[in-house]
Each structure stands twice: as structure tokens, then as C-alpha cells.
Amino acid sequence: MKAESNVRLGKSDADHHQLMHAFTVFSQASEQLSTVYRDLQQQVEHLTNELALANGELQHQLAQKENLSQQLSLLLSALPGGVVAIDNEGVIESANPVALSILGEPLLQCVWQRILEDRLLATDVASEWNLRKETHSDFRRISIESSVSEDSGKMVLLIQDITEAYANQERIKREQRLAVMGRMAANLAHQLRTPLSTALIYATHLSNSELPTQERSSFAVKTIERLQYLNQLINSMLRFVKGELVKKEVIDISVLLSDIQSLMLPHMLKKNLQFVVKDGGEGAALTVNYEELCSSLIALLENAMQASPVGGRISLTCDLTTDEVFFTVADQGNGIDIANEERLFEPFFTTRPEGTGLGLAIVHSAIKQMGGDVQVKLLTDRGSEFILRLPRTSLSNITNSNLSSSI
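Engineer: Can you help me understand the pairing of strand β11 (residues 324–330) in this one?
Structural biologist: For a regular strand, side chains alternate in direction, first toward one face of the sheet and then toward the other. Most of β11 sits inside the fold, with six of its seven residues counted as buried. Where strand β10 (residues 313–320) and β11 come together, six bridges link them in antiparallel fashion. Bridge pairing links D319 to F326 in β11. The antiparallel hairpin formed by β10 and β11 contains three residues in its connecting segment.

Structure below.
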């Protein structure tokens, strides 16, 4: 009996230990589950907070986009230019009020190419168009700039009404043409003044009844020569106006200097000035426009006359190098202010109240076109020198068959 009692006692202890072990395991599992549940609760709470923040940010972004959309809509409505959106099929999706006002209605859901054909007229400027009179009763000119999306293929057009700007541009062009005509008239007057005065001097001698027949005949010939020279100048100016090419010809330097001396000497004597011509160009030639070069030298001599005192000395000298010819006009006047030296060849710059400011600018332009250059040298004592430098041509290499060529 006692043995059986001990067996039952041992079995009861084992069951108790198993039960305690099971309870311990259950307690540990329950504690772990509680920990996991708390962690899950924290994670859910954290995710809920993040979701709330994200949702708030999305709501804020949505509100911003809505506000931006409204601002964009207001901006498109307030823009002074027209805006047209065209889909990748060429159909107009949207247009602001200015675009509707410029191009007319209907516009939305219309094919853009048809709008171009029916309502616009092409001009000589690729991005500018004239509106047909059916669209507007008065003349309208517009500019159209386009931008294409590389991703969607959609196009946005920016349309500007440039009617007033175009009218202003045309008015400026007319004023510029008038200004050019005025400068040309001043240029022509500047070039014609000296030969015309010379012709008048010779013509005055013809009215002297006591003049011998031989001298009268000589003055008549010189008068005709000056008038012919005037005619050549006028023809050259007309060719320039028409855009014709200016002719070049091979000239003998000695002949040129002789012509200028005979032309300017009466004016020098009339003003009691000494006029000295030094010809160092014998046997040399130039391929130039005779009238332009002659007029340039005359212009420089006229300036020298105006700057020289009574009894002063004016010289025209020609010197040669292997490749170049130099014409130097020197006077004994008061010289040129060094502060004005850099502006001497600017159009309309003059230091004389009666001057046009075109003489030296014309000389500079003419010599440049002939492949030369103009320099000014201020003398140390008094007076100034203007030097024309031109490329040299050898007469021995020129035949009568090529005495003229076009620029």
C-alpha cells in the first residue's frame, strides 16, 4: 500500500511540474504576445500619424495646384498676347480671350491649319502674318511664335498684335530713307560746289569784252570741262542711288594732279593762298574711281583753304613706295584739336558752324572702298596733314583692253 501511495505521489509531482512548466511557457508566450501587440499598436499609431501628415501635405499640394491653376487662368486671361494650345492632331484645345479676339471665332476644336489658310496671309517675314479683312475691318499684323512639347507632341502658340509696332517700324524706315536722301543731297552739294564755282569763274571771264579771242576760247574750253565733270558727278550719284556698281579705271597720277591743280588754282589765287603741287608719281598708275578720288582730294584741299590764313601755303604732294601711293594735303592753319582727332571721320561731326560734317566722312568711306586708308597728322608748329594711302598699279602691266573693271 505504501508503495502504491509513493507511486501516486511521484506521478502527482510530475504532473504538477509539467503544469507549472506549461503555465510558465504560457506566461512567457502571453508576455511576448503582449509586447508584439504593443509594438503593433505603436507602429499603427506611427503609420496613422504619417498617413495624416501625408494626407495633409497632399491636401496642401492640391490646394496649391488649384490656386496655381486659378492664377494661370487669370494670367492667360490678362495677357496682352494670345495663347493657343494645339494637340498632337493639330486641333485647337484651348485659347485665351486675346487669341479669340485676334483670330476670331469659332476657334476651339478647329484645325489650326484651316485657321491659317482661311484667316491669315503670309508676309515676307516667316513669323509674321497679316489678318484677312474678313477677320478684322482694319489692317492688322500679328506675330506667331510656337513651342512644341517633345513628349506629347502638343504645340503652344504665342500670338502678338504688332500692328502698331509694324507701323512705327515702317515710319522709321521712311525717316531713315529721307535721312539718307538728305545726306546724299549734302554729299552731292559738297562735291558739286568747287567745280561749279570754277565753272562760274571761267564763265565770268567770258563776259569780258576786252578779253582776247584766244583766252576767251581757253576759258570756254575750261568751262565746258568743268560742266562735263559736274555731269559725271551727277551720273555717279545716280548710279549710287540705283545701286549700280561703281566703275574703276586705271588713271595716270600725273594727269590727276594736273586736273586738280587747274581746278583749284583759281580758288587759291582768289583767297591769296599759295598752292604747290609736287608730283612724285611719274610713271605710276592707280586702279580707282577717278571722280571719287578727285572729289576726295578736292574736299581735303577745300578744308585746307578754310583753315589757312591769308597768304598761307597749301601743298598737294604725291609720293611712291614699291606697293603704295601716298597723297598728302598739308596746310598752315591753326591745326586740329587733339581731342577731336578720333572723331574727325564721324558723319555729321564738324567744328565749323557752317560745316555739314560730311566731307571727311565721305573721303574716308570713298578711300576705304578703293582699298586704301586715310590718316591725319598734327604738325608740331601749326597746321595739319591728311594722307591718302592707296595700292599702286604699274602702267607697264596695263593694256588698253583692261583699263576699267568693276568693284
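Engineer: Please clarify how helix α3 (residues 112–119) should be interpreted in this entry.
Structural biologist: Each turn of an α-helix holds 3.6 residues, which means side chains three or four residues apart point in the same direction. For α3, the full list of buried residues reads W112, I115, L116 and R119. Viewed end-on, α3 has its buried residues packed into an arc of 105°, placing them on one side of the element.

Engineer: Where do I start with unusual backbone geometry in this structure?
Structural biologist: Excluding glycine, residues mostly have negative phi values, and the peptide bonds linking residues are mostly trans. Residue E105 is joined to P106 through a cis peptide bond whose omega torsion reads -5°. Phi angles above zero are rare outside glycine, and N272 is one such case at about 60°. Its location among the elements puts N272 in the loop between α6 (253–270) and β8 (274–279).

Engineer: Just to check I follow, could you spell out the packing of aromatic side chains for this structure?
Structural biologist: What describes a pair of aromatic rings is the distance from one ring centre to the other and the angle between the planes of the rings. Under the criterion given, the structure shown has one aromatic pair. Summarising the aromatic geometry, the rings of F139 and Y166 are spaced 6.1 Å apart at their centres and angled 40° between planes, so their arrangement reads as tilted. In this pair, F139 is assigned in the loop between β4 (128–131) and β5 (141–148) and Y166 in helix α4 (residues 163–206), connecting sequence segments 27 residues apart. Over the face of the ring belonging to Y166 we find R141, whose NZ or CZ atom lies 4.0 Å from the ring centre.

Engineer: Got a minute to help me understand the nonpolar core in this structure?
Structural biologist: Nonpolar side chains tend to gather and get buried jointly when the protein is soluble and globular. Core analysis: the largest hydrophobic core is formed by 40 residues, its most contacted members being L293 and F327. Among the elements that line this core, the one with the most residues is helix α7 (residues 290–307), at ten residues. Sequence-distant contacts of F327, that is, excluding residues within four places in its chain, are made with I253, L256, L257, L286, L293, L297, T317, C318, F386, I387, L388 and L390. Among the nonpolar cores identified, the runner-up in size contains 19 residues, and V84, L107, L116 and L157 belong to it.

Cut-offs and rules
Residues numbered from 1 in each chain as written. Predicted model: local features only at pLDDT ≥ 70, side-chain atom pairs only at ≥ 80, totals over all residues. Heavy atoms only, no water. Buried < 20%, exposed > 50% of the residue type's maximum accessible area, 1.4 Å probe, protein only. Helix = DSSP H or I, 4+ residues; strand = E, 2+ residues; numbered from the N terminus. Pairing = 2+ DSSP bridges. Arc of directions from axis to C-beta. Phe/Tyr/Trp six-rings, centres within 6.5 Å; stacked < 30°, edge-to-face > 60°. Lys NZ or Arg CZ within 6 Å of the ring centre and 35° of its normal. Core = buried A, V, L, I, M, F, W, Y, C linked by side-chain atoms within 4.5 Å. Contact = heavy atoms within 4.5 Å.

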